[in-house]
Amino acid sequence: MEPANYTMVTEFILTGLSQTREVQLVLFVIFLSFYLFILPGNILIICTIRLDPHLTSPMYFLLANLAFLDIWYSSITAPKMLVDFFVERKIISFGGCIAQLFFLHFVGASEMFLLTVMAFDRYAAICRPLHYATIMNRHLCCILVALSWTGGFIHSIIQVALIVRLPFCGPNELDSYFCDITQVVRIACANTFLEELVMIFSSGLISVVCFIALLMSYAFLLAMLKKHSGSGESTNRAMSTCYSHITIVVLMFGPSIYIYARPFDSFSLDKVVSVFHTVIFPLLNPIIYTLRNKEVKTAMRKLVNRYILCKEK
């Protein structure tokens, strides 16, 4: 078929998570609770690190950036999903779909690269403690964060460039609650084997390689720490931080590998994994970090007592 014969698709219809009204209401309450009660945790992390003079190490600077990315990442899909629970015909424009897809991969890839930077930070702190302050100075931290964002931007531009050049002539229904490459590619009116291969290589292979590299690096760091198990509280604190980072890495990369490191065929678990990946996971980060980091918990309590409880009195 010639390109001139295609009817340009101007919008996509989302099937959502469920067609049953009662189920939609239950899901709305659950996800709204996540969004309203856990999302502020990321804001609290940022405010705590910014205002507490004791949380000045590079690890906390990187943690604040991770919290910011989590706020952004969860807000790409969650607000529209919550609104769509009350809309019978869930529609997103073609431009809105591309924008959602772009920011999803931009922020998601930036977060993956930032997790890699955080692993390097832990390596410098554990293996080069005497030179840590020199190695991980604020200037280098800012450069590494900027590189993480740049890498995410380049990755996302590649995904968008592959999508916008595809013809869409109908159907225009996406079996999801948001726009992503795995759903959009399926309804293109063309052979998308090459584009799908590039996307799998770009998203899937990067996820797998980064995941394996991060697990190996943290395994090495934990082995180093166990050799110095007699060091006391500082060693236990470092091990706790590593375990927190490993938990985040598994929760971040596991669903990403499932979604992108395989052919973009539809499977029954796709929506469940997508919900966890785009909505629940970014909101779990503050819980994981605060539960395993005494310094952050102590600083948060001081912040709440100083700026909230004192004002109430």
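This section reports on the structure supplied with the text. All values reported here derive from a predicted model rather than from experimental measurement.

## Quick look at the sheet that holds strand E2 (residues 90–93)
Part 1 of the argument: Taken in spatial order, the three strands line up as E2-E1-E3 in an open sheet, and their pairing is mixed. Whereas interior strands pair on both sides, the edge strands pair on one side only; in this sheet they are E2 and strand E3 (173–174).
Part 2 of the argument: Examined bridge by bridge, strand E1 (residues 11–14) and E3 share two bridges and lie parallel to one another. Across the sheet, Ile-13 pairs through a bridge with Glu-173, a residue of E3.
Part 3 of the argument: Helix H4 (residues 94–127) rests against E1, E2 and E3 of the sheet, and its axis sits at about 80 degrees to E2.

## Brief notes about empty space enclosed by the protein
Part 1 of the argument: On inspection of all chains with the given rule, the structure shows five cavities of 30 Å³ or more.
Part 2 of the argument: Approximately 160 Å³ is the volume found for the largest cavity.
Part 3 of the argument: His-105, Gly-108, Ala-109, Met-112 and His-155 are, among the 15 residues lining the largest cavity, the residues nearest its centre.
Part 4 of the argument: The set of elements that each furnish at least two residues to the lining of the largest cavity consists of H4, helix H8 (193–227) and helix H9 (233–260).
Part 5 of the argument: With six residues, H4 is the single largest residue contributor to the lining of the largest cavity.
Part 6 of the argument: Counted by class, the lining of the largest cavity contains seven nonpolar, eight polar and no charged residues.
Part 7 of the argument: In this model, the second largest cavity occupies a volume close to 70 Å³.
Part 8 of the argument: Along the walls of the second largest cavity sit Met-59, Tyr-60, Leu-63, Met-118, Thr-241, Ser-244, His-245, Tyr-289, Arg-292 and Asn-293, which together make up its complete lining.
Part 9 of the argument: Listed by contribution, the elements that provide at least two residues to the lining of the second largest cavity are helix H3 (58–84), H9 and helix H10 (270–292).
Part 10 of the argument: Residues belonging to the lining of the second largest cavity are distributed by class as follows: five nonpolar, four polar and one charged.

## Quick word on the packing of aromatic side chains
Part 1 of the argument: In the structure shown here, the tally under the stated rule is 18 aromatic pairs.
Part 2 of the argument: Look at Phe-68 and Trp-72: their rings are 6.3 Å apart centre to centre, the planes differ by 55 degrees, and that puts the pair in the tilted class. Taken together, the residues span about one helical turn, with Phe-68 and Trp-72 both in helix H3 at a distance of four residues.
Part 3 of the argument: In this structure Phe-68 comes out as partly exposed when scored by relative accessible area, which is 39%.
Part 4 of the argument: Here Trp-72 falls in the partly exposed class, since its relative accessible area comes to 25%.
Part 5 of the argument: Taking 6.0 Å as the distance between ring centres and 85 degrees as the angle between the ring planes, the aromatic pair formed by Phe-106 and Phe-153 counts as edge-to-face. Of the two residues, Phe-106 is situated in helix H4 and Phe-153 in helix H6 (residues 138–164); the sequence distance between them amounts to 47 residues.
Part 6 of the argument: Overall, the relative accessible area of 9% leaves Phe-106 in the buried class.
Part 7 of the argument: When its relative accessible area of 40% is taken as the criterion, Phe-153 is described as partly exposed.
Part 8 of the argument: Among the aromatic residues, those joined into a cluster by ring pairs are Phe-68, Trp-72, Phe-102, Phe-103, Phe-106, Trp-149 and Phe-153.

Rules behind the numbers
Residues take numbers from 1 onward in each chain, read along the sequence in its written order. This being a predicted model, a pLDDT of at least 70 is required before a residue's local features are given, and a value of 80 or more before pairs of side-chain atoms are given or counted; all residues contribute to the totals for chains, interfaces and linings. Here the side-chain values reflect all heavy atoms present in the structure, with hydrogen atoms and water set aside. Strands qualify as paired when DSSP identifies two bridges or more between them. Secondary structure elements are taken from DSSP: a helix is a run of H or I of four residues or more, a strand is a run of E of two residues or more, and numbering for both begins at the N terminus. Contacts were defined at the residue level, with two residues in contact if any of their heavy atoms lie within 4.5 Å. To obtain an axis, a line is fitted to C-alpha atoms, over the contacting stretch when the element is a helix, and the angle between two such axes runs from 0 to 180 degrees between their N-to-C directions. The definitions used throughout rest on a 1 Å grid laid over the protein atoms alone, on which a cavity is an enclosed set of points accommodating a 1.4 Å probe that cannot get out and a pocket is an open set flanked by protein within 12 Å on both sides along at least five of seven lines; lining residues are those having an atom within 4 Å of a point. Grid points are joined across faces, edges and corners, and a volume is the space filled by probe spheres set on the points. Only Asp, Glu, Lys and Arg are considered charged in this grouping, and only Ala, Val, Leu, Ile, Met, Phe, Trp, Tyr, Cys and Pro are considered nonpolar; every other residue, Gly among them, is considered polar. Here is the rule: rings of Phe, Tyr and Trp (six-membered ring for Trp) pair when centre to centre is within 6.5 Å. Planes less than 30 degrees apart are stacked, more than 60 are edge-to-face, and the remainder are tilted. Throughout this description, buried means an accessible area under 20% of the type-specific maximum (1.4 Å probe, protein chains only), exposed means over 50%, and partly exposed covers the range between.

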